[in-house]
Amino acid sequence: MNLLLIVLIPFIGAGAAAWISRLGRSYAAWMSGVVTLLALLCLLPLMGATFDGHTEIQRFAWMPQEGLDLAFRLDGLGMLFALLILGIGLLVILYARYYLSARDSMGRFYASMLLFMGAMLGVALSENIIQLLIFWELTSLASFLLISYWQHRREARNGARMALAVTGAGGLALLGGFMLLGEIAGSYDLSVILASGDAIRAHPLYLPMLVLVLLGAFTKSAQFPFHFWLPNAMAAPTPVSAYLHSATMVKAGVFLLARLFPALSGTPEWSWLVGGTGLATLLFGAFAALFKHDLKGLLAYSTISHLGLITLLFGIGTPLAAVAGVFHIINHAIFKASLFMAAGIIDHEAGSRDMRRVNGLWKFMPHTALLSMVAAASMAGVPLFNGFLSKEMFFSEAVGASTHLPFGWLLPAAVTLAGVLAVAYSLRFIHDVFFNGEPVDLPKTPHDPPRWMMAPVAVLVVLCLLVGIFPAQTVEPLLAVAVTGVLQAPPPEHDLAIWHGFSPALWMSVIALAGGGLVYLVRKPLFALEARTAGRLEAKAYYDRLLGWVFAFARAATRLLDAGSLQRMLFLLVLFALALGMSGWLGAAAPLTGSRALLPVDGVSALAALGLCAAAVGATIMHRQRFVALVLMGSVGLVVSLIFVKFSAPDLALTQLSVEVVTVVLLLLALYFLPQHTPQESSLLRRGRDLLLACAAGGGAAALAWAVLTRPYRSIAGYYIANSVPGGGGGNVVNVILVDFRGYDTLGEITVLALAGLGIYAMLDRLSLPGLARDAGGRAWDSDLHPAIMASFTRLLLPLALLVSAFILLRGHNQPGGGFIAGLITAVALIMQYLSNGVEWTHSRLTANMHPLIGAGLLLALLTGLASWLFGYPFLTSAFGHFHLPLAGDFELASAMAFDLGVYLVVVGATLLILINLGMMHDASRPPADGAERA
Amino acid sequence: MEALLALVIGVLTACGVYLALRARTFPVVLGLTFLSYAVNLFLFAMGRLAIGQPPIVASGTADYADPVPQALVLTAIVIGFAMTAFVIMLALKARAELGGDHVDGKH
């Protein structure tokens, strides 16, 4: 349970932090701190066993029928990352409280931060790799929110989009890699995958799988050539950079390398791909970092370089290299987080991060300077600081690996060069910022920040020193257990000491320190050289060009298919549907006519069908005379309802009949505001083309219908018919399906209906259109708008119609009828009052506000469904029973009746809402029927 | 009978497609209505045709028409009405805001 809680708590906390921020600025920070501490508290009881080498796996059934579990895993590696994520997270939360200005939204910052934390914990603690991938993608999404936190800045938006595009593309590759990996290993559980390394490496699909997985890891860890998103992500607030680019986001990639180390490493492919990429990144990052004038830019490229270092170590692949890799993950997280925070303090207090302007700060902010210098020395790999230890292990691993390589001396030489560059840029960070003359043109006088803003930096710097001086007493147990988690085996013999004798690694460190100093001394000519060649190797330019191509292609494809013309799009749509249907038809070579026995044709049916066809074709031919076409369409609808009557579908016939009435009234009302004639615009050629396509589509539909109708089939109808009375308490199977078996679908459908009604209401709001003054023949409206006979008759008919609809509603469960039909009948009855008596008369007697009716209907249907929960049944389980009423006799009452009543109310409400509002617009725009009009 | 129904579905589809391809809103709405008749009938036909066998359970009857497509089509008819209403209101809105009834907003 604990592992699930650790991951879940930050997600829940994100919502809480966002909500509580409305009470005051500091509350969100406090809430985030408490949430992080809570997660740490959940981790604490499990840590003892983990230190003893136990791997804790906790499973929760998720979709058991699919074999999917939520599975979490805690071993040394996972614990190390969880501690880094939560520990550094806590410090960043404190730091950000002082960093963010009064204009920044605290709630949004801390909510995104906790979201990210939860996602990252999920990556570190997942047992199932698909689940790991989901959290992996969540980190990409959450980092998008964090990097784009200052949404008003263009570079923040661009940086966030770039990070999302690159890491998202990597995530896609990783999905493919994980699918392959899961298929190769036969399981998506890490326990199985880590234990079947030999089988995985021997599999023919090993290489493609490896490439895909590495693409995911390299994009996330900003490895060359995917490194460019990281410097652009520096547009984020500095706490975000301190968190994402020291301990978490970019470490997810190297975490993956470490996690899958036993399963994937140990092949030449692994060594060359991982080692080669790591080496290239190490050198490139170190080189680029030296020339950045922006403090955060320097740190960004330094981060890229250090990630390359860790990748290279995992690429070397020996157990000792893995020890060094994990050790450097810890050290880099500690010193880089503190350096980012220090850079943020400098930016905050000096108003600039440009090292050409920020000089000589030693006098202004001595405490910050001291802390930064320790952290930078650690980054450079100076003895007595933690960076030195892992860097020396790295040097000695590089020497060890070089013995079995052609041109082996190149590797130690290259890593020493990287060491030289690292010393040079660290020196630059210290000397340029804190010494090197006086500040140049700063917007404010710098001074040390508030104590609590410096505290997180101080904590990390103390850690740098403790680990650097007393490694065996401080970091050794954690390192050992984390390496056990990586190797899935006890760690190799290693010695965390400052002094190892005069080894090659020591000499490399000496060369790096001395060479770094030298490079820094001759920096001026180097900068001049770099300024002349700048931009040659800018990967961002390639990315932008690639993106430009993608957009150009998308625009061209859109232009081709969507020229802003509905006609063209519909034409293409029907054409493609036809082509697909035809290809399926021609490909299958099945006979058109099946073997089912056919029903004999009778004369009346043939006549009705011919009448329908004539009316439809007539409406199409005369469609330019809109009124005529509409009347013909209405007659087609009536014949359609006759078809339903003929073929044993009384419910459908009733529905179609009432819908037809409402539709025709609706279209007549709408036609009042539209031109009465359609001008002839299309050329003969175009009409011929459309006719051809329409006939082909019609022929296709007819052929398809014929093919289906003449084939025997198996239906699930038997179940519904057999269970309708015993299970649903109703004899009308169609109605029982609607309100009982598939009640959930019906609930969705009436919701759609309600939404359509409300959407139309919103659309008609304040809409005004000129009405029609004269009809097609040039005649004006009659002054007698509400003929007395019609008005009296409809008033008389109203109670009768309502009685019929009540009857239809009540009997619907056993006889044709039900909520839909009854609702439509009621709506028609009420609309009749509007038609014959006018809006004013009707409004004085009936409210036009249909929203409560719709709401009540939806609520009733929903509550009927929820009520079954009270009795311990699934949603919308219906209950029914027989009741005896004196005089009236036996009654059957089903809970489905209440549901049907909800359907009825929604149908009445939505239909009336639509028609009344259109009708009111109609009434408002009617020209005054005065004497002049008639004359 | 089956041939008649197939013919009706074909004619309704053809008329619907032709009208939907017109350039003014009102014929397009009529075309969509024809198409929904055709689709509803087609869906209904999935349950094959039966005469005099309504799916109302009664003692002594063994054969019933398939109720499943009927339930499907019943809601489809009502939703189809909502769609027609929505589209025609869009046409009115377009006329008010764009000043014409061309489907692409041209004059």
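Worth saying up front: this structure is predicted, and the values here are computed from it rather than measured.

Each value, and the rule that gives it
Residues numbered from 1 in each chain as written. Chains lettered and ligands numbered in written order. Predicted model: local features only at pLDDT ≥ 70, side-chain atom pairs only at ≥ 80, totals over all residues. Heavy atoms only, no water. Helix = DSSP H or I, 4+ residues; strand = E, 2+ residues; numbered from the N terminus. Rg over C-alpha atoms; globule rule 2.2 N^0.38 Å. Buried < 20%, exposed > 50% of the residue type's maximum accessible area, 1.4 Å probe, protein only. Contact = heavy atoms within 4.5 Å. Areas by Shrake-Rupley, 256 points an atom, 1.4 Å probe, with all protein chains shown as cover. Lys, Arg positive; Asp, Glu negative; His and termini not counted. Charge placed at Lys NZ, Arg CZ, Asp CG, Glu CD. Expected span 1.5 Å × (residues − 1). Core = buried A, V, L, I, M, F, W, Y, C linked by side-chain atoms within 4.5 Å. Patch = residues over 30% accessible without salt bridge, like charges linked within 9 Å, V, L, I, M, F, W, Y side chains within 5 Å. Salt bridge = Lys/Arg side-chain N within 4 Å of Asp/Glu carboxyl O. Buried area = accessible area lost by both parts, 1.4 Å probe. Nonpolar A, V, L, I, M, F, W, Y, C, P; charged D, E, K, R; others polar. Axes fitted to C-alpha atoms, helices over the stretch in contact; angles between N-to-C directions. Left-handed = near helix turned anticlockwise from the far one by under 90°. Polar contact = N/O pair within 3.5 Å; in protein donor to acceptor, adjacent residues only side chain to side chain. pLDDT = per-residue confidence, 0-100. Disulfide = S-S within 2.5 Å. Phe/Tyr/Trp six-rings, centres within 6.5 Å; stacked < 30°, edge-to-face > 60°. Lys NZ or Arg CZ within 6 Å of the ring centre and 35° of its normal.

Could you clarify how one ought to interpret the overall build of chain B in this entry?
Along chain B, the regular secondary structure elements total 3 helices and 0 strands. For chain B, the succession of helices and strands along the chain, N to C, is α-α-α. A globule of 107 residues ought to have a C-alpha radius of gyration of about 13 Å, yet chain B, at 18 Å, is considerably larger. By principal-axis analysis of the C-alpha atoms, chain B measures approximately 65 × 25 × 15 Å. Looking at chain B residue by residue over its 107 residues, the buried ones come to 64%. Long-range pairs, those at least 24 residues apart, make up 55% of the contacts in chain B between residues at least 6 apart in sequence. Summed over all atoms, the accessible surface of chain B reaches about 3,300 Å², with 65% contributed by carbon and sulfur.

Even after reading the chapter, I still don't get the overall build of chain A, so can you show me in this structure?
The secondary structure content of chain A amounts to 39 helices and 4 strands. Relative to its length of 935 residues, chain A is extended, with a C-alpha radius of gyration of 38 Å against a globular reference of 30 Å. Along the longest, intermediate and shortest principal axes, the C-alpha atoms of chain A span 115 × 65 × 65 Å. For chain A, the residues scored as buried account for 52% of the 935 residues in total. Of the contacts formed within chain A by residues at least 6 apart in sequence, a portion of 79% connects residues at least 24 apart. When the accessible surface of chain A is split by element, carbon and sulfur atoms take 70% of a total near 40,000 Å². Here chain A holds 53 positive side-chain charges and 49 negative ones, and the gap between their average locations is 9 Å.

Just checking my understanding: could you explain the side chain of Asn386(A) for this structure?
Among the secondary structure elements, Asn386(A) is positioned in helix 18 (residues 386-402). Excluding its chain neighbours within four sequence positions, the residues that come into contact with Asn386(A) are Asn331(A), Ile334(A), Phe335(A), Ser378(A), Cys464(A), Val467(A) and Gly468(A).

Sorry, what's going on with helix 27 (residues 603-621) of chain A here?
Since the α-helix turns once every 3.6 residues, residues separated by three or four places project in the same direction. Taking 1.5 Å per residue as the helical rise, helix 27 of chain A with its 19 residues ought to reach 27 Å, and the 27 Å between its terminal C-alpha atoms agrees with that figure. Turning to helix 27 of chain A, its buried residues are Ser605(A), Ala609(A), Leu612(A), Cys613(A), Ala615(A), Ala616(A), Gly618(A), Ala619(A) and Thr620(A). Of the surrounding secondary structure, the elements contacted by the buried residues of helix 27 of chain A are helix 28 (626-646) of chain A together with helix 1 (2-20) and helix 2 (25-45) of chain B.

I keep staring at the nonpolar core and nothing clicks. Help me out?
Among soluble globular proteins, nonpolar side chains are generally buried collectively. The biggest cluster of nonpolar side chains holds 198 residues, and the ones touching the most others in it are Phe178(A), Ile200(A), Trp229(A), Leu264(A), Trp270(A) and Phe314(A). No other element matches the 19 residues that helix 16 (residues 319-350) of chain A contributes to this core. Excluding its chain neighbours within four sequence positions, the residues that come into contact with Trp270(A) are Tyr206(A), Leu210(A), Leu214(A), Leu257(A), Phe261(A), Leu264(A), Ser265(A), Gly275(A), Phe314(A) and Gly315(A). Counting residues in hydrophobic clusters, the runner-up holds 118 residues, among them Ala619(A), Tyr672(A), Val739(A) and Leu92(B).

Help me understand a nonpolar patch on the surface in this model?
On the surface, Leu384(A), Val459(A), Val462(A), Leu463(A), Leu466(A), Ile469(A) and Phe470(A) cluster together into a nonpolar patch covering about 550 Å² of accessible area. You can see Ile469(A) is positioned in helix 20 (residues 451-469).

Could you clarify how one ought to interpret the interface of chain A and chain B in this entry?
Quoted interface sizes are often the accessible area lost when the parts come together. Between chain A and chain B, the contact holds 107 residues from the first and 76 residues from the second. Carbon and sulfur atoms make up 79% of the surface buried where chain A meets chain B, a total of about 8,400 Å² over both sides. Applying the counting criterion to the chain A and chain B interface returns 3 salt bridges. Between Arg626(A) and Asp101(B) there is a salt bridge, with the nearest N and O atoms lying 2.8 Å from each other. Its residues assigned to classes, the side of chain A that touches chain B shows 73 nonpolar, 23 polar and 11 charged.

Is there a simple way to think about the packing of helix 16 of chain A against helix 17 (residues 366-380) of chain A in this case?
Helix packing for two helices is described by the angle between their axes and how far apart those axes are. All names here are of chain A. It is the contact of helix 16 with helix 17, at a shortest axis distance of 9 Å, that shows an interaxial angle of 145°. The two elements helix 16 and helix 17 cross, and the hand of that crossing is left-handed. For the pair formed by helix 16 and helix 17, the contact residues are Phe 335, Lys 336, Ser 338, Leu 339, Ala 342 and Ile 345 on the first element and Thr 368, Ser 372, Ala 375, Ala 376, Ser 378 and Met 379 on the second. Partitioning the contact of helix 16 with helix 17 into residue classes produces 7 nonpolar, 4 polar and 1 charged.

How should the side chain of Glu56(A) be read in this particular structure?
All names here are of chain A. Here Glu 56 lies in strand 1 (residues 56-63). A polar atom in the side chain of Glu 56 sits 2.8 Å from the side chain of Gln 58. Setting aside residues up to four positions removed in sequence, Glu 56 forms contacts with Leu 3, Leu 46, Phe 72, Arg 73 and Leu 74.

Help me out: how do you make sense of the confidence of the model for chain B in this one?
Residues and elements named next belong to chain B. Chain-level statistics for chain B give a pLDDT mean of 91 and a share of 99% at 70 or above. Confidence, read as mean pLDDT per element, is least for helix 3 (residues 67-98) in chain B (91) and greatest for helix 1 (95). Model confidence for the complex: the whole-complex pTM is 0.72, and ipTM, which rates the interface, is 0.96.

Which parts of the structure should I look at to understand the state of the cysteines?
What makes a disulfide is a covalent bond joining the sulfur atoms belonging to two cysteines. Enumeration over the complete set of coordinates arrives at 0 disulfides over all chains. Here Cys695(A) stays free of any disulfide, with the sulfur of Cys15(B) as its closest cysteine sulfur at 8.7 Å. Residue classification places Cys695(A) among the partly exposed residues on the basis of a relative accessible area of 47%.

Would you explain the pattern of salt bridges in this entry?
Side-chain pairs of opposite charge can arise whenever the charged atoms involved come near each other. In the structure shown here, the tally under the stated rule is 20 salt bridges over all chains. The salt bridge involving Asp69(A) is made with Arg59(A); its shortest N-O contact spans 3.7 Å. On the criterion of sequence distance, the pair formed by Asp69(A) in strand 2 (residues 68-74) and Arg59(A) in strand 1 is long-range, its members being 10 residues apart. Using a relative accessible area of 22% as the deciding quantity, one classes Asp69(A) as partly exposed. Residues Arg22(B) and Asp690(A) are paired through a salt bridge, measuring 2.3 Å at the closest nitrogen-oxygen approach. Of this pair, Arg22(B) sits in the loop between helix 1 and helix 2 while Asp690(A) is found in helix 30 (residues 684-709), placing the two residues in two different chains. Within the structure, one salt-bridge network assembled from shared partners comprises Arg59(A), Asp69(A), Arg73(A), Asp75(A), Glu127(A), Asp189(A) and Arg259(A).

Help me understand the packing of aromatic side chains, please; the structure alone is not making it clear to me.
Describing an aromatic ring pair means giving the distance of the ring centres and the angle of the ring planes. As enumerated under the stated definition, the model contains 24 aromatic pairs over all chains in all. Ring centres 6.3 Å apart and planes at 35° place the aromatic pair Phe11(A) and Phe135(A) in the tilted group. Here Phe11(A), found in helix 1 (residues 2-20), pairs with Phe135(A), found in helix 5 (residues 129-147); they are 124 residues apart in sequence, far enough to count as distant. Look at Tyr149(A) and Trp150(A): their rings are 6.4 Å apart centre to centre, the planes differ by 50°, and that puts the pair in the tilted class. Taken together through their ring pairs, the aromatic side chains of Phe109(A), Tyr110(A), Tyr149(A) and Trp150(A) make up a single cluster. Looking at Lys220(A), its charged tip hangs above the ring of Trp136(A), at a distance of 5.0 Å from the centre. Seen from the ring of Tyr713(A), Arg48(B) lies directly overhead, with NZ or CZ sitting 4.3 Å from the centre.

Which parts of the structure should I look at to understand the confidence of the model for chain A?
Parts of the model with low pLDDT should not have their predicted coordinates read in detail. Residues and elements named next belong to chain A. Predicted confidence across chain A gives a mean pLDDT of 88, with 96% of residues reaching 70 or more. The least confident element of chain A, judged by mean pLDDT, is helix 39 (residues 931-934) at 38; the most confident is helix 9 (residues 206-220) at 95. Between residues 929-935, whose pLDDT stays under 50, and residues either more than four places distant or in other chains, the model counts 6 contacts.

What should I look at first to understand the environment of Leu68(A) in this one?
All names here are of chain A. Its place among the elements puts Leu 68 in strand 2. Its relative accessible area of 28% is what places Leu 68 among the partly exposed residues. Considered as a pair, Leu 68 and Gly 118 are 50 residues apart in the sequence and their alpha carbons are 21 Å apart. Excluding its chain neighbours within four sequence positions, the residues that come into contact with Leu 68 are Trp 62, Met 63 and Asn 128.

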